[in-house]
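A closer look at the structure
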Amino acid sequence: MDVNIDRDLYIRWEDSWQKNMTRCIACGFEWFFYVPERRWPHLCADCANAAGRHPDDLLHSAAIAYDQGPRRVHADAAAVYRDPSTGRQGFCVTDGIGDDYEPATAAYTAAWSAAAAAATGGAAAGLHTARAIWHRHYDHAPAGQEGNAVAVVAAPIDTANGGGFDIAWCGDARAYAYEAATLTQITTDHTEAQHMRDTGMPVQWIGPRAENTVRASVGRGEIASVRVLDPVGRLLLCSDGVHRQLSPDAMTRILRVHASPRNAATRLIRAARQAGSTDNATALVVDLPACANSRYHRPNADSH
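Per chain, residues are indexed from 1 in the order of the written sequence. Totals for whole chains, interfaces and linings use every residue, but because this is a predicted model, local features are given only for residues with pLDDT of at least 70 and side-chain atom pairs only at 80 or more, for both listing and counting. As a rule here, side-chain values cover all heavy atoms of the structure and leave hydrogens and water aside.

1. Details of the environment of G171
Only runs of H or I of at least four residues qualify as helices and only runs of E of at least two qualify as strands under DSSP, and these elements are numbered from the N terminus. Looking at where G171 falls in the secondary structure, it is placed in the loop between β7 (165–170) and β8 (174–179). Put simply, G171 and V218 are 47 residues apart on the chain and 8.1 Å apart in space, counted from C-alpha to C-alpha. Any two residues whose heavy atoms approach within 4.5 Å are treated as being in contact. Contact partners of G171, with chain neighbours within four places excluded, come to V150, T188, D189, H190, V214 and A216.

2. A look at unusual backbone geometry
For A180, which is not glycine, the phi dihedral falls at a positive 55°. With respect to the helices and strands, the residue A180 is situated in the loop between β8 and β9 (182–185). Here the phi dihedral of A181 falls at roughly 65°; this positive angle occurs in a residue that is not glycine. Among the secondary structure elements, A181 is positioned in the loop between β8 and β9.

3. Considering the side chain of D83
Relative to the helices and strands, D83 resides in the loop between β4 (76–82) and β5 (89–96). At 6.2 Å, R82 is the nearest oppositely charged side chain to D83, a buried residue that forms no salt bridge. Ignoring anything within four residues of it in the chain, the contact list for D83 reads R88 and T120. Accessibility here uses a 1.4 Å probe with only protein chains present; expressed as a share of the type maximum, an area under 20% marks a residue as buried, one over 50% as exposed, and anything in between as partly exposed. Charge convention: Lys and Arg are scored as positive, Asp and Glu as negative, and His as well as the terminal groups of each chain are ignored. Basic side-chain nitrogens of Lys or Arg form a salt bridge, by our definition, when they fall within 4 Å of a carboxyl oxygen of Asp or Glu.

If you want it as structure tokens, here you go:
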């Protein structure tokens, strides 16, 4: 028995998907066909439905850029999560400790669990959730088979409560706020080197090994948190593969010149590699909703 198959459908899909598909700017994950006539043409169906219920919370656009570099394993991870029932978002960047698959798995698991929990409970709740999952997975792991990671998590604060971001971190993954052409480091590294500086140890005694030794991680140690209460035009979360290679002035210049979060994140990664980074590098750039009252100025187009 012959089956009548309309193969033109597959031909049309093959010919058009590459130029018509785009990634959702709210959840940063879903791919969909771009239709300019839609009310929110840059949101996937789930995010567009949630935007109708929670428009102010859902318009943070985000982009992630990665680079494995010369490392054997890409042990960084990043996640952008949007709760479909509330429209709230959570953002996370993690950096696996070591160049192996187990730290990479720990980083990936922590990124998504922390981002999802932060969207509903805040940044610190996100990291504590990731820690609980880590203990469940690794408490009975054989010696030498434990994966771990450092992390930074952000959750937008409702505009009704003043806007800004709720930030939590452990280790040396960082968060920066960019506003009015000024870059401000929000987090403080949990490293041996930073601890030595805080206790007044002479700079000449602090070696490169201390800079790379963390005192806190997803699995153990301090989880710190702060709230940036003023509206922030642009938020940057990144691993040490970015911030150890680029000066604050270099990062400020890139965030100022590139209006698109995706172009800004990509350029940060490219600049870090050109500066000699030999580590995994990850950058997550989040923009404030355009409707919010912010001093951040977005250029009309990217300058190169």
